[in-house]
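Single-letter residue listing:
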Amino acid sequence: GKFGLEPVGRLMAQHYQHVYRVMPTLGLAYYRAPEEGRAFILENLAEEAGLISGPGEDREAHDHMELIFRFCRAAGLTNNDVTGTEQLPAWRARSYYYINTVREEPFGVIVAMQSTQEGQQPAINGERMLPGLEAHHDYKMDHPDIEFFAEHYIADADHSTRQLDLVAK
């Protein structure tokens, strides 16, 4: 909490660049998926785009890219700062790993990889980000500025569980 929100906003700008690059690959994942995998991919895309809410009570639909922009604005970055961020080499490597996995691997490997990407987020957000934002920046979990972290605390737990179920099938 001592260094402020801007560095976290810069991290989220890197995340935006990652999502911007990998989200279109879900079309290819859909093409390569069995029927039950296709339904999951469509639901995940619709949820990310804010067309539907995720499962659970009192959930609302949110455009997840807008949630990134909202937090970044709270951290002092403009939308242009976020979209104009140069993706760092480690983040670019992560994006290429994701893209290449979707392009080259069978569907079971794709969803296993996706589960590693989304499966770690609930603990990071629930154990670190949300408590840290409350303790050091006076944000409550339901504050709109940090809704990205609260939404992914819930959504990514569901996604990674469903992805692992698909891997098992």
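The notes below deal with the structure included here. (Residues numbered from 1 in each chain as written. Predicted model: local features only at pLDDT ≥ 70, side-chain atom pairs only at ≥ 80, totals over all residues. Heavy atoms only, no water.)

**Looking at the nonpolar core**
Residues Met12, Phe71, Val82, Leu133, Ile146 and Phe149 are the most contacted members of the largest nonpolar core, which totals 21 residues. The set of elements that each furnish at least two residues to this core consists of α1 (6-22), α4 (64-74), α8 (121-137) and α9 (147-168). Looking at which element gives the most residues to this core, the answer is α4, with five residues. In this structure, phenylalanine 149 is in contact with Val8, Met12, Phe71, Asn125, Met129, Leu130 and Leu133, ignoring residues within four places of it in sequence. Ranked by size, the runner-up nonpolar core spans 14 residues in total, among them Val22, Ile99, Val102 and Val111. (Core = buried A, V, L, I, M, F, W, Y, C linked by side-chain atoms within 4.5 Å. Buried < 20%, exposed > 50% of the residue type's maximum accessible area, 1.4 Å probe, protein only. Helix = DSSP H or I, 4+ residues; strand = E, 2+ residues; numbered from the N terminus. Contact = heavy atoms within 4.5 Å.)

**Thoughts on the pattern of salt bridges**
Under the counting rule described, the total for this entry stands at eight salt bridges. Among the salt bridges present, the one from arginine 162 reaches glutamate 43, with a minimum N-O distance of 2.4 Å. One end of the pair, arginine 162, is in helix α9; the other, glutamate 43, is in helix α3 (residues 35-48), with 119 residues separating them in the sequence. Salt bridges sharing common partners tie together Glu47, Arg59 and Glu151. (Salt bridge = Lys/Arg side-chain N within 4 Å of Asp/Glu carboxyl O.)

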